[in-house]
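Given next are the chains, with one letter for each unit.
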Amino acid sequence: MTQSKQHKHTLLKEIWGFSTFRPHQSEIIDTILSGKDCLVIMPTGGGKSLCFQLPALMLPGLTVVVSPLIALMNDQVDALKLSGVSVAAMHSNLKANELSDIEKQLIQGQIKLLYVSPERINASGFATFLSALNISLFAIDEAHCVSVWGNDFRPDYVLLNKLRDSFKNVPFIALTATADDSTQQDICQQLHLIEPKTFVSSFERKNITTEARPADQKFKNVVEFLQKVPKQSGIIYCLSRKETEKISTKLKQNGYNCDFYHAGMAADDRKRVQRQFQDDSLQFICATIAFGMGIDKSNIRWVIHFSMPKNLEGYYQEIGRSGRDGTPARALLFYSWGDYIMLKKFIDDSPAIETFKIVQYAKLDRMWEYASANECRTNLVLNYFGEYRSEPCMHCDNCLAPPKSVDATLIAQKALSAIVRTNENVPMNLLIDILRGSFRAEVREGGYDQIKTFGAGKDISYINWKIYITQLINQGYIRIDYTDHFKLKTTPLTRAVLFEEKKVRMVDLTFSELIVEKEKPKPKKRIIEDELMQKLKEWRSDLARQKQVPAYVIFSDKVFENIVSEKPSTTADLLRVEGIGKVKMEQYGKDILAIIQGYLTSQDISKNVKGQTYLETLQWYREGLSPGEIAVKRDLSEITVYSHLAYLYTKDEPVDILKFVTVDEVNTVEVAWHKAGQEMAIAAIAEHLKEPIEFHKIRLCLAIIIKKNKKSS
Ligand code: ADP
Ligand code: ZN
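Reading the values: the criteria
Residues numbered from 1 in each chain as written. Chains lettered and ligands numbered in written order. Predicted model: local features only at pLDDT ≥ 70, side-chain atom pairs only at ≥ 80, totals over all residues. Heavy atoms only, no water. Helix = DSSP H or I, 4+ residues; strand = E, 2+ residues; numbered from the N terminus. Buried < 20%, exposed > 50% of the residue type's maximum accessible area, 1.4 Å probe, protein only. Contact = heavy atoms within 4.5 Å. Areas by Shrake-Rupley, 256 points an atom, 1.4 Å probe, with all protein chains shown as cover. Lys, Arg positive; Asp, Glu negative; His and termini not counted. Charge placed at Lys NZ, Arg CZ, Asp CG, Glu CD. Near = heavy atom within 4 Å. Polar contact = N/O pair within 3.5 Å; in protein donor to acceptor, adjacent residues only side chain to side chain. Nonpolar A, V, L, I, M, F, W, Y, C, P; charged D, E, K, R; others polar. Donors = N, O, S within 2.8 Å, 3.2 Å for Na, K, Ca; no water. Tetrahedral: all angles 85-135°; square planar, octahedral: opposite > 155°, others 65-115°. Axes fitted to C-alpha atoms, helices over the stretch in contact; angles between N-to-C directions. Parallel < 35°, antiparallel > 145°, perpendicular 65-115°, else oblique. Pairing = 2+ DSSP bridges. Left-handed = near helix turned anticlockwise from the far one by under 90°. Domains from an automatic or database assignment. Buried area = accessible area lost by both parts, 1.4 Å probe. Salt bridge = Lys/Arg side-chain N within 4 Å of Asp/Glu carboxyl O. Core = buried A, V, L, I, M, F, W, Y, C linked by side-chain atoms within 4.5 Å. pLDDT = per-residue confidence, 0-100.

## Re the overall build of the protein
Thinking step 1. Scanning the protein from N- to C-terminus turns up 34 helices and 17 strands.
Thinking step 2. In terms of overall dimensions, the protein has a C-alpha envelope of 110 × 75 × 45 Å along the principal axes.
Thinking step 3. The buried share among the 713 residues of the protein stands at 53%.
Thinking step 4. Sequence separation of 24 or more characterises 70% of the internal contacts of the protein that already satisfy a separation of 6 or more.
Thinking step 5. For the protein, the exposed surface amounts to about 33300 Å²; the carbon and sulfur share of it is 52%.
Thinking step 6. Computed over 93 positive and 87 negative side-chain charges, the separation of the two mean positions in the protein equals 2 Å.

## As for the site of ligand 1
Thinking step 1. Residues in close proximity to ligand 1 total 14 residues, the closest being T20, G45, K48, S49 and R324.
Thinking step 2. Between ligand 1 and the protein, one listed contact pairs an oxygen atom with a side-chain N or O atom of R22 at 3.1 Å.
Thinking step 3. At a separation of 3.4 Å, an oxygen atom of ligand 1 approaches a polar backbone atom of G46.
Thinking step 4. For ligand 1, whose free accessible area comes to 570 Å², the fraction covered by protein is 82%.
Thinking step 5. Tallied by class, residues from the shell around ligand 1 come to 3 nonpolar, 7 polar and 4 charged.

## Looking at the coordination of the zinc ion (ligand 2)
Thinking step 1. Taken together, the protein donors to the zinc ion (ligand 2) comprise C376 (SG), C393 (SG), C396 (SG) and C399 (SG), at separations of 2.3 to 2.4 Å.
Thinking step 2. For the zinc ion (ligand 2), the 4 donor atoms in the first shell make angles of 102 to 120° at the metal, so the coordination geometry reads as tetrahedral.
Thinking step 3. Donor residues binding the zinc ion (ligand 2) come from one chain and are separated in sequence as C-x16-C-x2-C-x2-C. By the burial criterion, C393 is buried, and C396 matches it.

## Comments concerning the environment of A263
Thinking step 1. Within the secondary structure, A263 sits in the loop between β10 (258-261) and α13 (267-278).
Thinking step 2. Taking the relative accessible area as the measure of exposure, A263 reaches 39% and is therefore partly exposed.
Thinking step 3. Spatially, the C-alpha atoms of A263 and A496 are 52 Å apart, while their sequence positions differ by 233 residues.

## Points about helix α3 (residues 48-58)
Thinking step 1. Of all 11 residues that make up α3, 10 are buried, and the element is covered over most of its length.
Thinking step 2. Among the residues of α3, those classed as buried are K48, L50, C51, F52, Q53, L54, P55, A56, L57 and M58.

## Some points on the packing of helix α29 (residues 612-622) against helix α31 (residues 638-650)
Thinking step 1. Put simply, α29 and α31 touch, their axes get as near as 10 Å, and they point 90° apart. As far as their axial angle goes, α31 and α29 are roughly perpendicular. In this structure, α29 uses T613, Y614, T617, L618 and Y621 to contact α31, whose residues at the interface are V641, H644, L645, Y647 and L648.
Thinking step 2. Residue composition of the contact of α29 with α31, by class: 7 nonpolar, 3 polar and no charged.

## Re the sheet that holds strand β12 (residues 302-305)
Thinking step 1. Reading across from one edge, β8-β13-β12-β9-β11-β10 is the order of the 6 strands in this open sheet, with parallel pairing throughout. The sheet is open, and its two edges are formed by β8 (208-214) and β10, each paired on a single side. Here the average twist between neighbouring strands, direction ignored, is 15°.
Thinking step 2. Relative to strand β11 (residues 284-288), strand β9 (residues 234-238) is paired through 5 bridges, and the arrangement is parallel. Considered in β11, the bridge of I235 is made with I285.
Thinking step 3. Against the sheet, α13 contacts β9, β10 and β11, and its axis sits at roughly 135° relative to β10.

## Here's the deal with the packing of α29 against helix α30 (residues 627-634)
Thinking step 1. Where α29 contacts α30, the two axes come as close as 10 Å, and the packing angle between them is 130°. In terms of orientation, α29 and α30 fall into the oblique class. In this structure, α29 crosses over α30, and the sense of that crossing is right-handed. Here α29 contributes T613, E616, T617, W620 and Y621 to the contact with α30, which in turn contributes I630, K633 and R634.
Thinking step 2. For the contact of α29 with α30, the residue count by class is 3 nonpolar, 2 polar and 3 charged.

## What about the domain arrangement of the protein?
Thinking step 1. One can read the domain layout of the protein as domain 1 (3-200), domain 2 (208-400), domain 3 (405-507) and domain 4 (547-712).
Thinking step 2. The straight-line distance from the C-alpha centre of domain 2 to that of domain 4 is 49 Å.
Thinking step 3. In this assembly, domain 2 packs against domain 4 so that about 720 Å² is buried in total across both faces, 54% of it on carbon and sulfur atoms.
Thinking step 4. For domain 2, the biggest contributors to the area lost against domain 4 are Q278, D325 and T327; these three give 49% of the whole.
Thinking step 5. At the boundary of domain 2 and domain 4, one finds 1 salt bridge.
Thinking step 6. R301 is paired through a salt bridge with D557; the nearest N and O atoms lie 3.1 Å apart.

## A look at unusual backbone geometry
Thinking step 1. Phi is positive for E424, close to 50°, though the residue is something other than glycine.
Thinking step 2. Position of E424 among the secondary structure elements: in the loop between α19 (409-421) and α20 (428-435).
Thinking step 3. For E424, a relative accessible area of 26% gives the class partly exposed.
Thinking step 4. Here the phi dihedral of K567 falls at roughly 40°; this positive angle occurs in a residue that is not glycine.
Thinking step 5. Relative to the assigned elements, K567 resides in the loop between α26 (557-566) and α27 (571-576).
Thinking step 6. Looking at K567, the relative accessible area reads 12%, which means it is buried.

## Points about the nonpolar core
Thinking step 1. Core analysis: the biggest nonpolar cluster contains 109 residues, and L130 and M308 have the highest contact counts within it.
Thinking step 2. In terms of residue count, helix α22 (residues 462-474) provides more of this core than any other element does, 7 residues in total.
Thinking step 3. Not counting chain neighbours up to four residues away, the residues in contact with L130 comprise V64, I121, I135, F138, L163 and F167.
Thinking step 4. One finds W16, I32, Y115 and A139 within the second-largest nonpolar core, a separate group that totals 33 residues.

## Overview of the environment of I563
Thinking step 1. When you line up the elements, I563 lands in helix α26.
Thinking step 2. Placed 56 residues apart in sequence, I563 and V507 show a C-alpha to C-alpha distance of 44 Å.
Thinking step 3. Here I563 is in contact with L536, P568, L574, V577, I580, I592 and I596, once residues within four sequence places are set aside.

## A closer look at the confidence of the model for the protein
A low pLDDT score tells you not to read the predicted coordinates there in detail.
Thinking step 1. In this model, the protein carries an average pLDDT of 88, and 94% of its residues clear a pLDDT of 70 or more.
Thinking step 2. Averaged pLDDT values for the elements of the protein fall to 82 in α29 and rise to 98 in strand β5 (residues 135-140).

Here it is in C-alpha cells:
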C-alpha cells in the first residue's frame, strides 16, 4: 500500500470512523489526488460529500465547496467541526464581521475547507480574493443547477465556469444526485470541466422499502402505519398547505408528536418547527412538497405521500429524503384517480406553453403507472431514469408480496358493457356510480338508471372499481379520452372481451395488509436494544439542543445501531465501532460508555454476564490492567479478581487465562480433578495434587477444564 493510500484509509477511520469506502468513493478520491476533474452522479445518501472532504484533508491547500443550499451547507460544516476539521461557510446569512473573520483565517491558511454559496462566489472581488489563496480543489455540489435540463436551474451556477477558467491548474469535482445523459453532458460543458472522469452510481436506494396503495381510508391506514414506526422520524407529504394543517391537527389529537410545515407560515414558526424536527423533539412533520430544501435530516426513517406527486422525479427525490444514513427506511404512497385528475387540471390551467405541458402530462402518466403498477416498482423508476434492469428489487411491495392475479373476465365484461351502453359518454366516477346502482342526480338525468348494466357491480366497492378500471386501462381494454372530459372509451381490444370470450386476468383485490411488517412480540434482546437506543437518542437530543446543531450531525442513527448491537464496554471497543472516529471518541466516548454501562447494569444484563462486580473487573481487564492493578483499583483482593476472571472466562468473555497459568498446570489439575471424582471444591482437588498449586490458579485451571468438558459433552 502506498503512503497516500494508507493515509486515505487512516483518515477515513480517524475522522469519519468508517473502515471501508462505499462504491466509487476510493476511485474518485484517487482521481482528484492525481489532479484530474471528475463528474460524480450518485444518489442521495450515496456518500458524495466524503469524495471531496477527504481529499481536502490530504491536499496541501484550501478546498472550496460551492453549495446552493444553506441548510445542507450548515449541516456539513457542523458535522466536520464536531470531527475536528477546520472548516467555514460563507453565505448571505452571515454578518459583515463574521465574514471578515473568516477571510482573515483564510489568509492565514487556518481553514482546510470553505463552503461558499454561488452568489458569494460570484460577488465582485471574491475571485480576486480567492486567487491570493493557495487553493487545491474546487467542489461543485448540486451541479445539475448549472443545466437548464436539470430540474433546478440556477443562473448563478453558470458563472462558475469563469472560476474554472481562472484556476486552470486546480482540479474540479462536480457532484449531483440527479442528472440524465443530456444533463451530464451539459454540466461538463457549462462548467468547462477539463476531460472529466465520470462516475455514475446506480440510482437504486436499496435501504428504502417502497409501497403504494389506493387511497382508501387513508387516515386509518396512516395511523396503522405510525403505530409500526414508533418514535421514528418521518415526513407526511401533502398536496396543499391546508391539508398539512388538517392532518397534523388530527394526528396531534390522536396523541402524535408532530407539526405542520409549509411555505406560507411565518418565518419564526417555520424556523421553530424545523429546529424541533432536526433535534428530534418532533417525531414527524406534515409538509407540502413545495416546502423547499430547508430540511435535510439524515435519520428520517419513513416518508408518506398522502397524495400522489406530479412526477417520478419529485416522488423519488422526496422518498430519497429518508434513509440518508443508510439504515432501513420506508416509503408509503397513497394514490387515487382523484389525485390524477386534479394534477392534470393544474397542468391544464397553468400558463405554460403547450410543448412544456405535453411533457408534464407524460410525466404525470408515468407517475400514475408507477402508483398502479403490479410489477417491481424500483425497476419502473430505474428504467424511467435510464438504468435498465429487470431482476426483482426485493424491496418494493410488489416484489415482497407479489399481487396474485385472478380470472376477472366477468368484472371486465361488466365495466366494458357499461361503457358501450353509456355510448362512451361518461368519465370514470360516473361509470362506477352507474355500475354500483347509485341514484344520484347525474345518473338519473342521463337516464343511466335505465340501462342494463345499472347496478351490475353493486358487490364491488367504489375504490376497488377504480382499481379494476385502472388495470383495464393499463391492459389496453379501456382508453381515457383526455380531450373529452376524461370520458372512458372502448379500444380495439374491447370487442374480444365482450363478444369473443377473451379471458381477462386482474390483480386480486382481497389483499389489505400494509407490507410494513406486523408487530411481533419482541424478544428480550430486542427490547433491551430498543431501550438502549432510546437512551442514546435522548442524550443526543439534549446535546443537539445545547450545541444548537441538528441531532444527526452528532451521530447518525446508523452509528447508534452499531453501538447498540455491539454494546462496547471499553474505549478500545468503542473505537472499533463503525462510524466512531478519533475526535468524537475523545469528546463523547466517556458519555456513551457510561450510558451503555449504566443501562446494562440497571437491567442487570451484560452480553453474557450478570452482576456489576464482574462487569467492572471485565472492564478494567479489557483496558489492559493486570489482576494486581485491578485489585488495587477496585479495593479487592487479588484472589477475588482471579476468581472473577475465571468466572468471566466460563461465560465466554475474552479472558486469556493462559496468561496466568501454564498448560502443564492445567493438565496436572485436570488429573487431580478426575481423581477427586470431578469435585468442584478447590480444596478437594488440592488434596489430589502431587505438587501444591496456589488456590487461585486451581480455580483458573478449573475454568478451562469445565469449559473444555462442556464443549466435548
Ligand atoms: P450524499 O451527499 O450523497 O447524499 P452523504 O455524503 O450525506 O450523502 O452521505 C450519506 C451518509 O452515508 C452519511 O451518513 C455518511 O456519513 C454515510 N457514509 C458516507 N461514506 C461512508 C462510508 N464509506 N462508510 C459508511 N458510511 C458512509
Ligand atoms: Zn421490486
